[in-house]
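Working through the structure, step by step
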Amino acid sequence: MNNQILQDVYNVIVDRRANPKEGSYTNYLFDKGLDKMLKKVGEEASEIIIGAKNGDKDNVRYEVADLLYHLSVVLVEQELTWADVFGELESRYK
């Protein structure tokens, strides 16, 4: 398992925010703002629910990846990191 990938994706999102790239979906989300970002989080969560209910593991895997990406965008927007999230989880289960 590659735990580094979430940080790598996060770093790309931070870079896109600092150095916008024409045609970048990430920049599109930042341009549209928090409401659009949160809408995408909700859509991806709903798609996970539907995929799981239908027993479609491939779809669930795909949609969870989408959800993690969109959550990463929200974290950058809120000036939080995955380390903040993992620290919160660690504090709950130690």
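As shown above, the structure is provided for reference.
What counts and how
Residues numbered from 1 in each chain as written. Predicted model: local features only at pLDDT ≥ 70, side-chain atom pairs only at ≥ 80, totals over all residues. Heavy atoms only, no water. Salt bridge = Lys/Arg side-chain N within 4 Å of Asp/Glu carboxyl O. Helix = DSSP H or I, 4+ residues; strand = E, 2+ residues; numbered from the N terminus. Buried < 20%, exposed > 50% of the residue type's maximum accessible area, 1.4 Å probe, protein only. Phe/Tyr/Trp six-rings, centres within 6.5 Å; stacked < 30°, edge-to-face > 60°. Axes fitted to C-alpha atoms, helices over the stretch in contact; angles between N-to-C directions. Left-handed = near helix turned anticlockwise from the far one by under 90°. Contact = heavy atoms within 4.5 Å. Core = buried A, V, L, I, M, F, W, Y, C linked by side-chain atoms within 4.5 Å.

**Here we look at the pattern of salt bridges**
Scanning all chains against the criterion turns up six salt bridges. Two residues, K40 and E43, come together in a salt bridge whose shortest N-O distance is 3.0 Å. Of this pair, K40 and E43 both sit in helix 3 (residues 34–53), three residues apart, roughly one helical turn. The exposure class of E43 is partly exposed, given its relative accessible area of 27%. We note a salt bridge from E44 to K40, for which the minimum N-O separation is 3.8 Å. Of this pair, E44 and K40 both sit in helix 3, four residues apart, which is roughly one turn of that helix. On the basis of relative accessible area, E44 is assigned to the buried category, the value being 4%. With a relative accessible area of 15%, K40 lands in the buried category. Here the salt bridges do not stand alone but share partners, grouping K40, E43 and E44 into one network.

**Points about the packing of aromatic side chains**
Scanning all chains against the criterion turns up three aromatic pairs. Taking 6.1 Å as the distance between ring centres and 35 degrees as the angle between the ring planes, the aromatic pair formed by Y25 and Y69 counts as tilted. Pair noted here: Y25 is in helix 2 (residues 25–32) and Y69 is in helix 4 (residues 57–77), with a separation of 44 residues, a long-range link. According to the relative accessible area criterion, Y25 is partly exposed, its value standing at 36%. Judged by its relative accessible area of 19%, Y69 falls in the buried class. Through pairs of rings, three or more aromatic residues link up here, namely Y25, Y28 and Y69.

**Things to note about the packing of helix 1 (residues 4–18) against helix 2**
For the pair helix 1 and helix 2, the least separation of the axes is 9 Å and the interaxial angle reads 60 degrees. Regarding helix 1 and helix 2, the two cross each other, and that crossing is right-handed. Facing helix 1, whose interface residues are I13, R16 and R17, helix 2 presents T26, N27 and F30.

**Here's the deal with the nonpolar core**
Core analysis: the biggest nonpolar cluster contains 15 residues, and I13, F30, M37 and V73 have the highest contact counts within it. In terms of residue count, the dominant contributor to this core is helix 4 (six residues). Ignoring any residue separated from it by four or fewer positions in sequence, one finds F30 in contact with I13, R17, M37, V73, V76 and E77.

Just distances and angles here, no functional claims.
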